[in-house]
Amino acid sequence: MSAPRPDFRKLSTFVRTFTPGPRALAGQVPTIAITPVADGRTGAYEGNVAGTWKMVENVYRLLTENVRLPDGTPVRVVVAPEIVYGARTAALAQQYYTEQGVSANIWVSRSWAYSDELMGASLGIGSSEWQQCAYGLNGTDRPGAVWLKAFTAAMDEKKRPIFCVYSPDLENENDPLTPHVAGRLLSFARCAAAVAEMRGKNYLSVGGVSMGIIGSDVRRNQMQQYLGMGTVSVDMCAVKGRMDAGLYDHEELEKAVAFMKTFKLDFGKGKRPQSPDALLRDCCKMTLIVRDLMIGNPRLADPAVGKKQGFKADVEYAQGANAIAAGTQGQRQWTDLFPNFDVTESVLCSSFDWNGFRAPFTVATENDAKNGIGMLVATLLTGMPQLFADIRTNWTPASIKTATGVDVSKIAPRGIIDKRNSGAGALDYAVDPRQLVKGGKTMSVQAAWDAIRADQKLQAKLMAEAVKNTTYMAAVLEYFRGDGLSSHYRTPGGIPMTAYRYNAIGDLLTCSVVEGETVELPAKVADHISQVTDKTWPETYWTPYGMTSFEYMSKIGPNHDANSFGLIGADLITLNAMLRIPVDLHNVAADKIFRPTMWDRFGGDDFRACAALGPLYA
Ligand code: MN
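Please read these numbers as outputs of a predicted model, since none were measured by experiment.

What counts, and where the lines are drawn
Residues numbered from 1 in each chain as written. Predicted model: local features only at pLDDT ≥ 70, side-chain atom pairs only at ≥ 80, totals over all residues. Heavy atoms only, no water. Helix = DSSP H or I, 4+ residues; strand = E, 2+ residues; numbered from the N terminus. Rg over C-alpha atoms; globule rule 2.2 N^0.38 Å. Buried < 20%, exposed > 50% of the residue type's maximum accessible area, 1.4 Å probe, protein only. Contact = heavy atoms within 4.5 Å. Pairing = 2+ DSSP bridges. Axes fitted to C-alpha atoms, helices over the stretch in contact; angles between N-to-C directions. Polar contact = N/O pair within 3.5 Å; in protein donor to acceptor, adjacent residues only side chain to side chain. Donors = N, O, S within 2.8 Å, 3.2 Å for Na, K, Ca; no water. Domains from an automatic or database assignment. Buried area = accessible area lost by both parts, 1.4 Å probe. Salt bridge = Lys/Arg side-chain N within 4 Å of Asp/Glu carboxyl O. Core = buried A, V, L, I, M, F, W, Y, C linked by side-chain atoms within 4.5 Å. Phe/Tyr/Trp six-rings, centres within 6.5 Å; stacked < 30°, edge-to-face > 60°. Arc of directions from axis to C-beta. Disulfide = S-S within 2.5 Å. Right-handed = clockwise from strand over helix to strand, strands pointing away. Parallel < 35°, antiparallel > 145°, perpendicular 65-115°, else oblique. Nonpolar A, V, L, I, M, F, W, Y, C, P; charged D, E, K, R; others polar. Expected span 1.5 Å × (residues − 1). Bend = angle between axes of the 7 residues up to and from the residue.

**What about the overall build of the protein?**
Part 1 of the reasoning: For the protein, the helix and strand inventory stands at 23 helices and 21 strands.
Part 2 of the reasoning: Computed over C-alpha atoms, the radius of gyration of the protein comes to 26 Å, within 12% of the 25 Å expected from 2.2 N^0.38 for 618 residues, which places it in the range of a compact globule.
Part 3 of the reasoning: Taken along the three principal axes of its C-alpha coordinates, the protein extends 85 × 75 × 50 Å.
Part 4 of the reasoning: Expressed as a percentage of the 618 residues in the protein, the buried residues total 58%.
Part 5 of the reasoning: At a minimum sequence separation of 6, the contacts of the protein that also span at least 24 residues come to 78%.

Shown next, in the form of structure tokens:
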């Protein structure tokens, strides 16, 4: 079949516009293939057809019902046109997958098959960028395990990492997938979807390096080679230019200002750089503008809107950077003159704004891109907003006792980290999501979050609760001469929360992942810590599992980490293996770790396996 012939006459008189797509950003919806394989021998093939398709149907149902992207889009799942049993059927599957834009593949079998030859033509159907997984049935009448081991060994020899799924216990083919098998397949699919979703999209760097923070030195080649992402860079004067030119949706600005007034607002005391109303409006304009720079805005391309609102419509400016993550430098070249980005970061990173509940944006404070990419992958894995944090202070029970006289050795025996970002934190971290959901106390955070995502009433409850628990407080002028409004709240205690951080060591990227939980300190203690640090900033007290807060403080890389409600350490380890990024520090139990079989051939040494492979897109 030939490709459609372009209409060059029409193209040569094309007038560009902004046509919104079905999703906020342009790009292929992550697509996972399921490839059934079987023994091709006459008789053996026929004997396996029904059972093999039954397995495929189970996997198909599992993925289509459970794996979705943060904006609610379900991952696309396609299956091979027929069971692959030889070189030609493998090539037909490959052709179909290419047409479908597949980027991950799950091989499924209940029987022996000529493992290496089925994917021999293409050294593993698809390119080396594809994520590969194989699920072999643990049964007795056909040797699924024999195929599985032969196949994963063939992939290892080709240095094509493959995840191996096999039930520890014998499976009954008439039963649903076992929890072990379903859990591993879902982990693979979530992580592969996250990898595919960020591929080809951009990090938007608003400004440069903030106050000498190495994390905000945006490493363009690292973004491209490890994450498959581009980088778009704009000077902060682009924000000021749009504010001055009125290049934002003025109707939406009024909505934003009215929404912000539903929060408790504390505009500070004494002489301030500008009036409360002017400050609030500036903060809202900056928020609209950073979002428009990220994802574009058709309204800015529309001359009728421009005429009505008093700006010059501009199709190029309206496009945005197709940015799936961003960072704002702020300090200090901007903040010495203008309001800080606390409203921008806190609102965009939340699950809602004046337009209602929506997928969170990823906007890193101080343009710390190496923290931003962690927030991005965690959002893609969970659909949840992420908390950017300064690793402010390590508090042992002994220092709390000395400072306040209160003994917290029973509440926080391993000590706590005061995670208090410089003014911005996703507003969702003012609420325990499990409290909102019926039966939520016995649910995982992720399950509670999924329930909220599926229910508008729960979303309204979440938004109301977050607004109620947050006070926007004027900035400390000593640090922020241009003023600003910080999102102040105190995160409730007892919520499982995972901390993570990407680090650059020369050209190598590594990741740290530590699970733990938030801590509710006695009010006297929490208030003391707040007073002696900065009471206008969002505060989250957290303790790691299986180590002291001091050990965490000592071993974590830089001054910032990011955090996700829920225990997502295992998924982060799986995702990093897919990207060939070694994990330098973690506290995830060995039986939860799911990596390609090749890692076992390197003695489980993540660094050696990743070094042998190199970054996924290098
Ligand atoms: Mn900071």
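**Observations regarding the sheet that holds strand β2 (residues 76–79)**
Part 1 of the reasoning: Taking strand neighbours across the sheet as the criterion, the 5 strands line up as β2-β1-β3-β4-β5 in an open arrangement whose pairing is parallel. The sheet terminates laterally at β2 and β5 (162–165), the two strands that pair on one side only. Between one strand and the next, the sheet's axes are offset by a mean angle of 20 degrees, whatever the strand orientation.
Part 2 of the reasoning: Sheet strands in contact with helix α3 (residues 87–100) are β1 (31–36), β2 and β3 (104–109), and its direction is about 160 degrees off that of β2.
Part 3 of the reasoning: Docked against the sheet, helix α6 (residues 179–198) engages β1, β3, β4 (131–136) and β5, running at close to 165 degrees with respect to β4.

**Things to note about the side chain of threonine 365**
Part 1 of the reasoning: Note that threonine 365 resides in strand β12 (residues 363–365).
Part 2 of the reasoning: What makes threonine 365 buried here is its relative accessible area of 4%.
Part 3 of the reasoning: Looking at threonine 365, its side chain comes within polar contact range of the side chain of asparagine 421, at 2.9 Å.
Part 4 of the reasoning: If sequence neighbours within four positions are ignored, threonine 365 has contacts with Thr328, Glu345, Phe388, Asn421, Ser422 and Ala424.

**Here's the deal with the coordination of the manganese ion**
Part 1 of the reasoning: Listed as protein donors to the manganese ion are Glu366 (OE), Asp390 (OD) and His560 (NE2); their distances from the metal cover 2.3 to 2.5 Å.
Part 2 of the reasoning: Mapped onto the sequence, the residues coordinating the manganese ion show the spacing E-x23-D-x169-H. One end of the pair, glutamate 366, is in the loop between β12 and α14 (369–382); the other, histidine 560, is in strand β20 (residues 560–565), with 194 residues separating them in the sequence.
Part 3 of the reasoning: On the basis of relative accessibility, which here comes to 6%, the residue glutamate 366 falls in the buried class.
Part 4 of the reasoning: Among the residues examined, histidine 560 registers a relative accessible area of 0% and is labelled buried.

**A word on the domain arrangement of the protein**
Part 1 of the reasoning: What the domain assignment lists for the protein is domain 1 (31–198) and domain 2 (202–613).
Part 2 of the reasoning: Look at where the C-alpha atoms of domain 1 and domain 2 centre, and you get two points 36 Å apart.
Part 3 of the reasoning: Between domain 1 and domain 2, the residue contacts involve 25 residues of the former and 30 residues of the latter.
Part 4 of the reasoning: Both sides of the domain 1 and domain 2 interface together cover about 2400 Å² of buried area, and 67% of this is carbon and sulfur.
Part 5 of the reasoning: Three residues, Pro70, Phe163 and Met198, lead the burial of domain 1 against domain 2; their summed loss comes to 32% of the area buried on that side.
Part 6 of the reasoning: Of the charged contacts in the structure, one is a salt bridge between aspartate 571 and arginine 190, with a shortest N-O distance of 2.6 Å.

**Brief notes about the nonpolar core**
Part 1 of the reasoning: Core analysis: the biggest nonpolar cluster contains 141 residues, and Leu63, Tyr135 and Leu185 have the highest contact counts within it.
Part 2 of the reasoning: Examining the composition of this core, we find that 12 residues originate from one element, α6, more than from any other.
Part 3 of the reasoning: Ignoring any residue separated from it by four or fewer positions in sequence, one finds tyrosine 135 in contact with Met55, Val59, Trp107, Val108, Ser109, Trp147, Leu148, Val165, Glu171, Leu177, Val181 and Leu185.
Part 4 of the reasoning: Ranked by size, the runner-up nonpolar core spans 20 residues in total, among them Ala33, Val78, Ala93 and Ala113.

**Details of the packing of aromatic side chains**
For any pair of aromatic rings, geometry is given as the distance between the ring centres together with the angle between the planes.
Part 1 of the reasoning: Applying the stated criterion to the full structure yields 16 aromatic pairs.
Part 2 of the reasoning: Among the aromatic side chains, those forming a connected cluster through ring pairs are Phe259, Phe263, Phe352, Trp354 and Tyr472.

**Overview of helix α9 (residues 250–260)**
Part 1 of the reasoning: Inspection of α9 places Glu252, Leu253, Ala256, Val257, Phe259 and Met260 among the buried residues, and these make up the whole buried set. Along α9, the residues classed as buried sweep out an arc of 160 degrees about the axis, all on the same side.
Part 2 of the reasoning: Next to the buried residues of α9 lie β8 (264–266), α10 (276–295), α13 (342–349), β10 (352–353) and β15 (471–474).
Part 3 of the reasoning: If you check the start of α9, you find a side-chain oxygen 3.0 Å away from the backbone N of glutamate 251, and it comes from aspartate 249.

**As for the environment of aspartate 483**
Part 1 of the reasoning: Turning to its location among the elements, aspartate 483 is positioned in the loop between β15 and β16 (485–488).
Part 2 of the reasoning: You can call aspartate 483 buried: its relative accessible area is 1%.
Part 3 of the reasoning: Residues contacting aspartate 483, with those up to four places away along its chain left out, are Arg272, Pro273, Leu279, Phe338, Pro339, Asn340, Ala474, Ala475 and Leu477.

**Notes on the state of the cysteines**
Part 1 of the reasoning: Counting across every chain of the model gives 0 disulfides.
Part 2 of the reasoning: Free of any disulfide, cysteine 237 has its nearest neighbouring cysteine sulfur in cysteine 283, separated by 19 Å.
Part 3 of the reasoning: In this model cysteine 284 remains outside any disulfide bridge; the closest cysteine sulfur is found in cysteine 283, 6.9 Å from its own.
Part 4 of the reasoning: Judged by relative accessible area, cysteine 284 falls into the buried class, the value being 1%.

**Some thoughts on the pairing of β5**
Part 1 of the reasoning: Burial along β5 is two-sided: the residues Ile162 and Cys164 and Phe163 and Val165 are all buried.
Part 2 of the reasoning: Alignment of β4 against β5, held across 4 bridges, turns out to be parallel. Looking at the pairing, tyrosine 135 lines up with valine 165 of β5.
Part 3 of the reasoning: Regarding topology, helix α5 (residues 144–157) serves as the crossover connection from β4 to the parallel β5, and that connection is right-handed.

**Observations concerning the packing of helix α15 (residues 397–404) against helix α19 (residues 523–532)**
Helix packing for two helices is described by the angle between their axes and how far apart those axes are.
Part 1 of the reasoning: Two elements in contact, α15 and α19, have axes separated by 11 Å at closest approach and are oriented at 85 degrees. Taken together, the axes of α15 and α19 are roughly perpendicular relative to one another. Only Lys524, Val525 and His528 of α19 make contact with α15, whose side of the interface consists of Ile400, Ala403 and Thr404.
Part 2 of the reasoning: For the contact of α15 with α19, the class distribution of residues is 3 nonpolar, 2 polar and 1 charged.

**Digging into helix α2 (residues 44–66)**
Part 1 of the reasoning: In this model, α2 (23 residues) spans 33 Å end to end at C-alpha, consistent with the 33 Å of a helix rising 1.5 Å per residue.
Part 2 of the reasoning: Along α2, the sharpest kink reaches roughly 35 degrees, centred on alanine 50.
Part 3 of the reasoning: Residues Ala44, Tyr45, Asn48, Gly51, Thr52, Met55, Val56, Asn58, Val59, Leu62 and Leu63 constitute the buried set of α2.
Part 4 of the reasoning: Considering only its buried residues, α2 is in contact with β1, β2, β3, β4 and α6.

**Some points on the pairing of β20**
Part 1 of the reasoning: Burial analysis of β20 places 6 of its 6 residues in the buried class, the great majority of the element.
Part 2 of the reasoning: In β20, alternate side chains face the same way, and those of His560, Ala562 and Ser564 on one face and Asp561, Asn563 and Phe565 on the other are all buried.
Part 3 of the reasoning: Across 4 bridges, the pairing between strand β13 (residues 387–395) and β20 is antiparallel. Counted as the bridge partner of leucine 387 is asparagine 563 from β20.
Part 4 of the reasoning: Pairing of strand β17 (residues 496–505) with β20 involves 3 bridges; the strand directions are antiparallel. By the bridge assignment for β20, alanine 499 is matched with asparagine 563.

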